[in-house]
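Architecture and fold: a report
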Amino acid sequence: MINKLGVIGAGYVGLVSAACFADLGFKVCVVDYDTQKIDALKNAIIPIHEPQLAELVKKSINNNHLTFSESYNDIEDCCAVIMTVGTPSNDDGSANLDYLYSATRELMNVAKDGCVIILKSTVPIGTAKNIMKLVPDTKHFHIVNNPEFLREGNAIYDFQNPDRIVIGMSSDEPKAIISYLYSHFIKQDVPILFTDNTTAETIKYASNSYLAMRIAFINEITTLCETSGANISDTAEGMGMDARIGKHYLHPGPGFGGSCFPKDTKALSYFATSNELDLPIIQNIMHSNLNRIEDLIEKLHSTFSSNQCKNIAVLGLTFKANTDDMRDSPAIPIVKALLKNGYSLKFYDPSHTTQIKEYLDITLQNSIDEALDGADAAVILTEWSEFQLISPQKFEHSLNKKVIYDMRNILNSEVILKQGLKYFALGFSPSTL
Ligand code: UGA
């Protein structure tokens, strides 16, 4: 039985977890120091763009399953508390645990004996053991790792349909509470892996780094296809048909971004270096990703200059579709390079991301039409479905030099070429188009 579930940190993992556990029937209280954010959340105003989240939060506020507070006193009676505070990268690639440690100390000051502290924040290998050392001699808490595998933009779906649940703990004592928390999924036969804390921490880093590596790999194969004349779509499909490989995370793009893959890959690499380990695959994933972006910047520049394109419509800025998250978006270095090279740019992003000013000194247009108006060429940087719906006629009519650079391979090349447009995509040599 869980009387009340605490969640510390009202970021995307915290909000999604809180809303979904509340939807499963738990009483959940989310605590965050940011009073402005908490005030907004009390009125069901969500600070991030995440499909279905606003509806779920509103529903759970209305049926009194979800509350928000800036005070740890409101979670002092919880028998389980989920930590979802951020662990951003330090300059050297290591994860910054300041928020996590200060939140854990604060929680330990108020939490009742026996409380299960569940680390959902992505934490470096060994963190749970260090947190155990913070437990005061007079108190007894359980530290459990429960890494999350949600994708931004699909977070609610991923929470409700997990492939697996990973639980790391140092004794069997918290197992009953954790099993109760996840009973809905256990009943549905979702695999649940109970292991030790360090292994759970490693599973999270290894999973994200592996997926990042697959993307870096397919992007390298994409470059290879551009020289060999092979078709990248068929290549990826043919690889993915092998059950041992599988089809996911083999879609070429302008490199991986977001708040997780770059940060976690760097942190794992930092762990290797600081432990004097030579792990060349892991230590080179970021290198490959940075090369990817540099390579595409050169290709864009050469395509635009050889087609006398000066005015460019940039479609999509967030690190992927269905989010307003700009963190480590490949669009940032690409846009900076285009601006540096003297291009005149107009931008549109369907999320109307308010984070933009933190990363780029630019102004967004209100619509695709406004961005395309007066442009010589368009570059698609994010795979928003509304870009797929732009008709070839619209592109043909709007673009003076008829050039499209599709960095997500989302347009139908046959239809685009039939319209007389010059179409550049990833992994296709000009001769195969
Ligand atoms: C990632 C993981 O997929 C989640 O399992 C994990 O929980 C999360 O990090 C986290 O640690 O919090 P997320 O960063 O939201 O999720 O985004 P993804 O959908 O995995 O995409 C990451 C990047 O890879 C994006 O830039 C995306 O455009 C790129 N990508 C993805 C490709 O270029 N090709 C692909 O085939 C797939």
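Presented here is an overview of the structure given in this document. (Residues numbered from 1 in each chain as written. Predicted model: local features only at pLDDT ≥ 70, side-chain atom pairs only at ≥ 80, totals over all residues. Heavy atoms only, no water.)

Structural notes on a nonpolar patch on the surface
The criterion, for reference: Patch building starts from residues that exceed 30% relative accessible area and form no salt bridge, then joins like charges within 9 Å and nonpolar side chains (Val, Leu, Ile, Met, Phe, Trp, Tyr) within 5 Å. What sets the accessible areas is the Shrake-Rupley method with a 1.4 Å probe; for residues, cover comes only from the shown protein chains. Salt bridge, as used here: a side-chain nitrogen of Lys or Arg that lies within 4 Å of a carboxyl oxygen of Asp or Glu. In DSSP terms, a helix is any run of H or I states spanning at least four residues, a strand is any run of E spanning at least two, and both are numbered starting from the N terminus.
Side chains of Phe 271, Leu 277 and Leu 279 sit close together on the surface and give an oily, nonpolar patch of about 210 Å² of accessible area. Counting through the fold element by element, Leu 279 comes out in the loop between helix H11 (261-274) and helix H12 (280-306).

A look at the nonpolar core
Spelled out, the test is: Among the buried residues, those of types Ala, Val, Leu, Ile, Met, Phe, Trp, Tyr and Cys that are joined through side-chain atoms within 4.5 Å form a nonpolar core. To sort residues, take the accessible area from a 1.4 Å probe on protein chains only and compare it with the maximum for the residue type: under 20% means buried, over 50% means exposed, and anything in between is partly exposed. Here a residue-residue contact requires only that any non-hydrogen atoms of the pair lie within 4.5 Å.
One finds Val 16, Phe 21, Val 28 and Phe 68 to be the most contacted residues of the largest nonpolar core, which totals 45 residues. Among the elements that line this core, the one with the most residues is helix H1 (residues 12-23), at 9 residues. Setting aside its immediate chain neighbours within four residues, Phe 68 contacts Leu 15, Val 30, Ile 38, Leu 41, Lys 42, Val 57 and Ile 61.

So, H1
To be explicit about the condition: A helix is expected to reach a length of 1.5 Å times the quantity of its residues less one.
Under the 1.5 Å per step criterion, the end-to-end length of H1 is 16 Å for 12 residues, consistent within 8% with the ideal 16 Å. Across the 12 residues of H1, 11 count as buried, placing the element largely inside the fold. Of all the residues in H1, the buried ones are Tyr 12, Val 13, Gly 14, Leu 15, Val 16, Ser 17, Ala 18, Ala 19, Cys 20, Phe 21 and Ala 22. Gly 25, located one to two residues past H1, shows a positive phi value of around 110°.

Focus: the sheet that holds strand S12 (residues 403-406)
Rules: Here a strand pair is declared whenever DSSP counts at least two bridges between the two strands. Angular values range over 0 to 180 degrees, each being the angle between N-to-C directions of two axes fitted as lines to C-alpha atoms, with helices fitted over their stretch in contact.
Across the sheet, which stays open at both edges, the 5 strands sit in the order S10-S9-S11-S12-S13 with parallel pairing between neighbours. Since the sheet does not close on itself, it has two edges, and those belong to strand S10 (344-348) and strand S13 (422-425), each with one partner. Between one strand axis and the next, the sheet turns through 20° on average, direction left out of account. In terms of strand pairing, strand S11 (residues 377-380) meets S12 through 4 bridges, oriented parallel. The residue bridging Ile 380 from the neighbouring strand is Asp 406, located in S12.

So, the packing of aromatic side chains
Selection criterion: Only the six-membered ring of Trp is used, alongside the rings of Phe and Tyr, when aromatic pairs are assigned; centres must lie within 6.5 Å, and planes under 30 degrees apart are stacked while those over 60 apart are edge-to-face, with the rest tilted. Any Lys NZ or Arg CZ found within 6 Å of a ring centre and within 35 degrees of that ring's normal is scored as a charge over the ring.
One pass over the structure, following the stated rule, counts 12 aromatic pairs. Judged by centre distance (6.1 Å) and plane angle (80°), the rings of Phe 256 and Phe 261 are edge-to-face. Each member of the pair, Phe 256 as well as Phe 261, is classed as buried. Centre to centre, the rings of Tyr 405 and Phe 424 are 5.9 Å apart; their planes meet at 20°, and the pair counts as stacked. Taken together, the residues Tyr 405 in strand S12 and Phe 424 in strand S13 connect sequence positions 19 residues apart. Members of the aromatic cluster, joined through ring pairs, are Phe 21, Phe 26, Phe 159, Tyr 180, Tyr 182 and Phe 185. Here the basic side chain of Arg 164 rests over the ring of Phe 149, its NZ or CZ set 3.5 Å away from the ring centre. Taking the ring centre of Tyr 343 as reference, the NZ or CZ of Lys 310 above it sits at 5.1 Å.

Read these as spatial facts, not as claims about activity.
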